[in-house]
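Each chain is listed here by its residues.
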Amino acid sequence: MHVAVFATLRAAEGCEHELTSVIEDLVEQSHEEPGTLVYAAHRHRKQPGVFWFYEVYEDAAALEEHAARAGARMAEFAHLLAERPQVNVVDAVADKGLGLIPYL
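These numbers come from a predicted model, not from an experiment.

A. Inspection of the overall build of the protein at higher detail. When helices and strands are tallied, the protein shows 2 helices and 4 strands. In sequence order, the secondary structure elements of the protein are arranged as β-α-β-β-α-β. Whereas a compact globule of 104 residues would reach a radius of gyration of roughly 13 Å, the protein reaches 14 Å, a difference of no more than 12%. Judged by the C-alpha coordinates and their principal axes, the protein covers about 50 × 30 × 20 Å. In the protein, which comprises 104 residues, the proportion classed as buried is 34%. A sequence separation of at least 24 residues applies to 69% of the contacts in the protein between residues at least 6 apart.

Take a look at the structure:
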């Protein structure tokens, strides 16, 4: 069963550009994770230091594998964050375009 994640990262004051670069690297690295189906980062239009991630994993094991890698990377860029990331793990209920929930 697919597992999805919504996460929010807030850049520390003056670290927006550097955090953007790190996020771009994280997305690039997600291409190496076969169980990662969607890994998309978005920036708030009016608050450029606020980033949202939408992630979809093949299953819980794929999420755990990603979390282990991300946790190791977090130590490298934690100084760029204003606070700890907010992470919400959710189950898909319905979708259009992602194919997570088959049509009945």
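There's more to say after this.
B. Main features of the sheet that holds strand 2 (residues 36-43). Strand order across the open sheet formed by 4 strands is 2-3-1-4, with antiparallel pairing between neighbours. Across the chains shown, the open sheet's two edge strands, defined by having one partner strand only, are strand 2 and strand 4 (86-90). On average, each strand axis in the sheet is tilted by 15° relative to the strand beside it, whichever way the strands run. Bridge count for strand 1 (residues 3-10) against strand 3 (residues 50-57) is 8 bridges, and the pairing is antiparallel.

C. Quick peek at the pairing of strand 2. Of the pairings in the sheet, the one linking strand 2 to strand 3 comprises 7 bridges and is antiparallel in character. In the strand pairing of strand 3, Arg-43 is matched with Phe-51. Linking two consecutive strands that pair antiparallel, namely strand 2 and strand 3, is a turn of 6 residues.

Conventions we followed
Residues numbered from 1 in each chain as written. Predicted model: local features only at pLDDT ≥ 70, side-chain atom pairs only at ≥ 80, totals over all residues. Heavy atoms only, no water. Helix = DSSP H or I, 4+ residues; strand = E, 2+ residues; numbered from the N terminus. Rg over C-alpha atoms; globule rule 2.2 N^0.38 Å. Buried < 20%, exposed > 50% of the residue type's maximum accessible area, 1.4 Å probe, protein only. Contact = heavy atoms within 4.5 Å. Pairing = 2+ DSSP bridges. Axes fitted to C-alpha atoms, helices over the stretch in contact; angles between N-to-C directions.

Geometric descriptors of this kind do not, in isolation, establish any biological role.
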